[in-house]
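Fold and geometry: a report
One letter stands for each residue in the lines below.
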Amino acid sequence: MIRGIPATGNRAKLLIEASADVNSGCFNPLPGGEDWTPIELALSRGNTALVDLLLENGVNRYIVSRYYRRELYSALRGKKLDYAETLVSEGKADLGGDKLKILQVYERGSAEVREFIRKHGPAAISTGVLNLLDLLFAGDTEFAEYVAPPLPLATTFLHDKKNAFRYAPDKAFDGDLSTSWVEGIEGDGLGQRLAFFIEGNPKWISIVPGYGVKKYYKTNNRLKKATLTLYKYVRLLAQIDSKTFFEKLTSEQLEFEDALKYQKLPVTIPSLPVDQRGGTEIIGVLEIIEVYPGTKWDDTCIAEIRLH
Ligand SMILES: [Ca+2]
Ligand SMILES: [Ca+2]
């Protein structure tokens, strides 16, 4: 094995001649990082002579492409678009693999990063199915591999330049009135959805249907009407055998008064037998149907949702 800092020049040659395993894991200097192989360390240090030597001696090509793909994602996260473009145009890396990762980079990315992903990313993204929620509901089998989707999820949320997740969907479930999920599309956000797991057997849903801070409550849109649709979600343990990933159970209209307070409405959660294929859970999807328009902005906000 070649252990530790990759040996250079003659030393590496000697080790390889002595049957060192060029693909074995070795020390990663980054705290908490996974083990790297010699070629990854050589690539990260730009040691082309050592890279060539290792490639000539049977380095697993998968390790090389994994390295470049990681570089590509990190370039996109760091907004190093020139480097990302080089990696793609030289055929070293592509935006394949983990679609969830692409989506996360897309959702958190700048306009330039998004443009790059639209140009080079998978068809689902370039054809406009731009969020995980839609992909899950579309029965995308690749996404169905995510046995535990990271709920809550929303079809959009407003991007704040300083703090990208300031208005993310989890802000409607953090018990803090001063934070809100805010939809992020142009206009009132009608049709935008927020999905969340429903645990246990709650009898009520309490919602604060606007921005939870008095000063900004009326300046933003408040929720007037919404639908709450419940889906049966099967946490698949076996291979995917159908595209029915979510099964619709019930749907009801909720109506809110224009007031900054918890508004308590009854919900009926059907009880379900355990599915043979895995655990069964219920997902609630709240869809914006009608709003009270904001005096300054047209972004619909929900400060809190509580099931009890
Ligand atoms: Ca909140
Ligand atoms: Ca809006």
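Let us look at the overall build of the protein chain. Along its length, the protein chain carries 11 helices and 10 strands. Taking all 308 residues of the protein chain together, the buried fraction comes to 31%.

Among all positions of helix H3 (residues 48-56), only Leu50, Val51, Leu53 and Leu54 are buried. With its buried residues spanning 165 degrees around the axis, H3 presents them on a single face. More than 90 degrees from the buried face of H3, the exposed residues found are Thr48, Ala49, Asp52 and Glu56. Just past H3, the residue glycine 58 takes up positive phi, approximately 80 degrees.

What follows is about helix H7 (residues 111-120). Since the α-helix advances by 3.6 residues per turn, residues separated by three or four positions end up pointing in the same direction. Taken residue by residue, H7 has Phe116, Ile117 and His120 as its buried positions. Looking straight down H7, one finds that the buried residues subtend no more than 95 degrees of arc, so they occupy a single side. Exposed residues on H7 whose side chains face more than 90 degrees from its buried face are Ala111, Glu115 and Lys119.

Here we come to the packing of helix H4 (residues 61-77) against helix H5 (residues 81-89). Between H4 and H5, the shortest axis-to-axis distance is 8 Å and the interhelical angle comes to 150 degrees. The orientation of H4 relative to H5 falls into the category roughly antiparallel. Where H4 crosses over H5, the two elements pack in a sense that is left-handed. Between H4, through Tyr68, Glu71, Leu72, Ala75 and Leu76, and H5, the contact on the second element is made entirely by Tyr83, Ala84 and Leu87. Across the contact of H4 with H5, the residue classes break down as 7 nonpolar, no polar and 1 charged.

Attention shifts here to the environment of leucine 265. By the element assignment, leucine 265 lies in strand S7 (residues 263-266). Note: C-alpha distance between leucine 265 and glutamate 255 (10 residues apart in sequence) is 8.8 Å. Those residues in contact with leucine 265 that lie beyond four places of it in its chain are Trp204, Ile205 and Leu254.

Turning to the sheet that holds strand S10 (residues 304-307), a few remarks are in order. The strand order across the open sheet built from 3 strands is S7-S4-S10, with neighbouring strands paired in antiparallel fashion. Edge strands, defined here as strands with exactly one partner in the open sheet, are S7 and S10. For this sheet, the mean angle separating the axes of adjacent strands, direction not counted, is 20 degrees. Sheet topology places strand S4 (residues 204-208) next to S10; 4 bridges connect them, and they run antiparallel. Across the sheet, isoleucine 207 pairs through a bridge with isoleucine 305, a residue of S10.

Averaged over all residues, the pLDDT of the protein chain is 81; the fraction at 70 or higher stands at 76%. When pLDDT is averaged over each element of the protein chain, strand S9 (residues 301-302) comes out on top at 98 and helix H10 (residues 141-144) at the bottom at 48. Contacts of residues 141-147 to residues separated by more than four positions or lying in other chains number 13 contacts, the stretch itself having pLDDT below 50. Confidence drops under a pLDDT of 50 for residues 237-244, and excluding neighbours within four residues, the segment shows 8 contacts in the predicted structure.

Looking now at the nonpolar core. Counting 34 residues, the largest nonpolar core has Trp181, Leu194, Ala195, Ile283 and Ile302 as its most contacted members. Secondary-structure elements contributing two or more residues to this core are strand S1 (153-154), strand S2 (181-182), strand S3 (193-198), S4, strand S5 (222-236), strand S8 (278-292) and S9. Broken down by element, the residue count for this core peaks at 6 residues, all from S8. Residues contacting tryptophan 181, with those up to four places away along its chain left out, are Ala154, Phe157, Tyr167, Ala168, Pro169, Lys171, Ala172, Leu194, Cys301 and Ile302. Within the second largest apolar cluster, 13 residues are counted, among which are Ala84, Leu95, Leu103 and Phe116.

Definitions and cut-offs
- Residues numbered from 1 in each chain as written.
- Chains lettered and ligands numbered in written order.
- Predicted model: local features only at pLDDT ≥ 70, side-chain atom pairs only at ≥ 80, totals over all residues.
- Helix = DSSP H or I, 4+ residues; strand = E, 2+ residues; numbered from the N terminus.
- Buried ≥ 20, exposed ≤ 12 C-beta atoms within 10 Å, placed from the backbone.
- Arc of directions from axis to C-beta.
- Axes fitted to C-alpha atoms, helices over the stretch in contact; angles between N-to-C directions.
- Parallel < 35°, antiparallel > 145°, perpendicular 65-115°, else oblique.
- Left-handed = near helix turned anticlockwise from the far one by under 90°.
- Contact = placed C-beta atoms within 7 Å.
- Nonpolar A, V, L, I, M, F, W, Y, C, P; charged D, E, K, R; others polar.
- Pairing = 2+ DSSP bridges.
- pLDDT = per-residue confidence, 0-100.
- Core = buried A, V, L, I, M, F, W, Y, C linked by C-beta atoms within 7 Å.

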